[in-house]
Amino acid sequence: MWDEVIKESLTVTAFIFIIMVVVDFVDVLSEQRLTAFLKGSRLRQYLLAAFLGATPGCLGAFMVVSLYIHGQLSLGALIGCMVATSGDESFVMLAKIPQTALWLTLLLFGLGLLAAWLADMLLNTLHITPLIKHCLVERFHPEEVVPIFSFQSLKRNFSSLSFHRFLLLLLIIFTLYLFVNCHIGPPRWNWVRVTFTVLLLISLGIAVFASEHYLEVHIWQHLIQEHLWRIFLWTFGALALIKFGLTYWHLNSFIKNHLTWVFFLAALIGIIPESGPHLIFVFLYAQGLIPFSVLLTSSIVQDGHGMLPLFSASLKHSLWVKLFNLVFGLFVGGLLYACGY
């Protein structure tokens, strides 16, 4: 059990780290035009967050959390993303119930937009200003932008290879080796493994061409020293607790034997920040044992691994998101359940 927990924790942490590196670098490369573009319109934030959340898997949710931690999205946009996402359960639904999965994805996207607008409206009405310790690293330095991908920068970086750059290159190459050879990540080649391999290659290019200042301040002092170890510990702790519960408490059997409470269990189990326990509701629906409203409630409240990096940044904000999504999921799902759907 523990080797599975360690492998999955390393996989999730690597996903988060690589995506944060790419997002941070794109923001710096664009001289914060990405930040200005998002901050210029709440609607753009909602559309982007809901779209990324609705994409299968946890990659989109990881990216939205990274943008939120960097202060580029509102709390409402983050909530909308978590309403729209179904984590890795999306892949199972596409395989088992493809037609329902497509309609559910579209519905979750629309509900994500509604939840994002509603959450920010409530915060403004109640005069609550979410305060999170955004990354305080200086975001833009003219010397970091031009030229980046050039022989001049390559010669400058490797004429006297720094220890930080050497370690980062070693880390990325080793992670790339583990993924390509299927030691971590999905058990076989699929779009998740291909996507992450591409992201790893992009991050390898960043490690090769980025300036020494960017490498030390943005990646080492910021992402690795402030975020990476917290993300791994939170991920490992959450996954270990979940694996223990599924192994020794027989949660699956409990759910099957208490279908009267399945609607509320779908919402409560949705609080768990993990892809796995929620699959029981997908299979129950595929077998015609539960109505669509229960599947929808589970999909709204749960977010796969998407919330794990936010726990490392702010436990308070994580609880706010989970509480809103729980209430929202019970309300929307409850309306459909009462109507017999």
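Only a predicted model underlies this, so the values are computations on that prediction, with no experimental measurement involved. (Residues numbered from 1 in each chain as written. Predicted model: local features only at pLDDT ≥ 70, side-chain atom pairs only at ≥ 80, totals over all residues. Heavy atoms only, no water.)

## Notes on the environment of phenylalanine 263
Put simply, the rule is: Put simply, DSSP marks the helices as runs of H or I at least four residues long and the strands as runs of E at least two long, and each gets a number from the N terminus on. When a residue's accessible area, from a 1.4 Å probe over protein chains only, is under 20% of the maximum for its type it is buried; when over 50% it is exposed; and in between it is partly exposed. Contacts were defined at the residue level, with two residues in contact if any of their heavy atoms lie within 4.5 Å.
Following the sequence through the fold, phenylalanine 263 ends up in helix H13 (residues 262–269). The class of phenylalanine 263 is buried, set by a relative accessible area of 7%. Sequence-wise, phenylalanine 263 and valine 294 are 31 residues apart; in three dimensions their C-alpha atoms are separated by 5.3 Å. When residues no more than four places from it in sequence are discounted, the contact partners of phenylalanine 263 are Ser293, Val294, Thr297, Leu330, Gly333, Gly334 and Tyr337.

## Comments concerning helix H17 (residues 315–338)
Here is the rule: The span expected for a helix works out to 1.5 Å for each residue beyond the first.
For H17, spanning 24 residues, the distance from its first C-alpha to its last is 34 Å, which sits close to the expected 34 Å at 1.5 Å a residue. All of the buried residues in H17 are His317, Ser318, Val321, Lys322, Phe324, Asn325, Leu326, Phe328, Gly329, Val332 and Gly333. Glycine 340, located one to two residues past H17, shows a positive phi value of around 90°.

## So, a nonpolar patch on the surface
Stated formally: Residues form patches when they are more than 30% accessible in relative terms and have no salt bridge. Like charges link within 9 Å. Nonpolar side chains (Val, Leu, Ile, Met, Phe, Trp, Tyr) link within 5 Å. Note that accessible areas follow from Shrake-Rupley with a 1.4 Å probe, and for residues the cover is restricted to the protein chains shown. The salt bridge definition used is simple: a Lys or Arg side-chain nitrogen within 4 Å of an Asp or Glu carboxyl oxygen.
Taken together, the side chains of Leu114, Trp117, Met121, Leu122 and Leu126 make up a nonpolar region of the molecular surface, amounting to roughly 470 Å² of accessible area. When you line up the elements, tryptophan 117 lands in helix H7 (residues 98–125).

## A short note on the environment of isoleucine 202
Topologically, isoleucine 202 is positioned in helix H10 (residues 191–209). Separated by 181 residues in the primary sequence, isoleucine 202 and valine 21 place their C-alpha atoms 9.5 Å from one another.

## Looking at the packing of helix H5 (residues 75–84) against H17
Our working rule: To get an axis, a line is fitted to the C-alpha atoms, and for a helix only the part in contact is used. The angle between two axes follows their N-to-C directions and goes from 0 to 180 degrees. We call two directions roughly parallel when the angle between them is under 35 degrees, roughly antiparallel when it is over 145, roughly perpendicular when it lies between 65 and 115, and oblique otherwise. Two helices cross in a left-handed way if the nearer one is turned anticlockwise from the farther one by less than a right angle. They cross in a right-handed way if the turn is clockwise. Each residue receives one of three labels: charged for Asp, Glu, Lys and Arg, nonpolar for Ala, Val, Leu, Ile, Met, Phe, Trp, Tyr, Cys and Pro, and polar for the others, Gly being one of them.
Two elements in contact, H5 and H17, have axes separated by 10 Å at closest approach and are oriented at 55°. In terms of orientation, H5 lies oblique with respect to H17. In this structure, H5 meets H17 at a crossing whose hand is right-handed. In this structure, H5 uses Leu75, Leu78, Ile79, Met82 and Val83 to contact H17, whose residues at the interface are His317, Trp320, Val321, Phe324, Asn325 and Phe328. The class makeup of the residues in the contact of H5 with H17 is 9 nonpolar, 2 polar and no charged.

## Things to note about the pattern of salt bridges
Using the criterion set out here, one finds 3 salt bridges in the structure. Between arginine 42 and aspartate 120 there is a salt bridge whose closest N-O contact spans 3.1 Å. Here the residue arginine 42 occupies a position in helix H3 (residues 42–54), and aspartate 120 occupies one in helix H7, the gap between them amounting to 78 residues. Arginine 165 is paired through a salt bridge with glutamate 212; the nearest N and O atoms lie 3.1 Å apart. With arginine 165 in helix H9 (residues 163–180) and glutamate 212 in helix H11 (residues 212–248), this residue pair connects regions lying 47 residues apart in the sequence.

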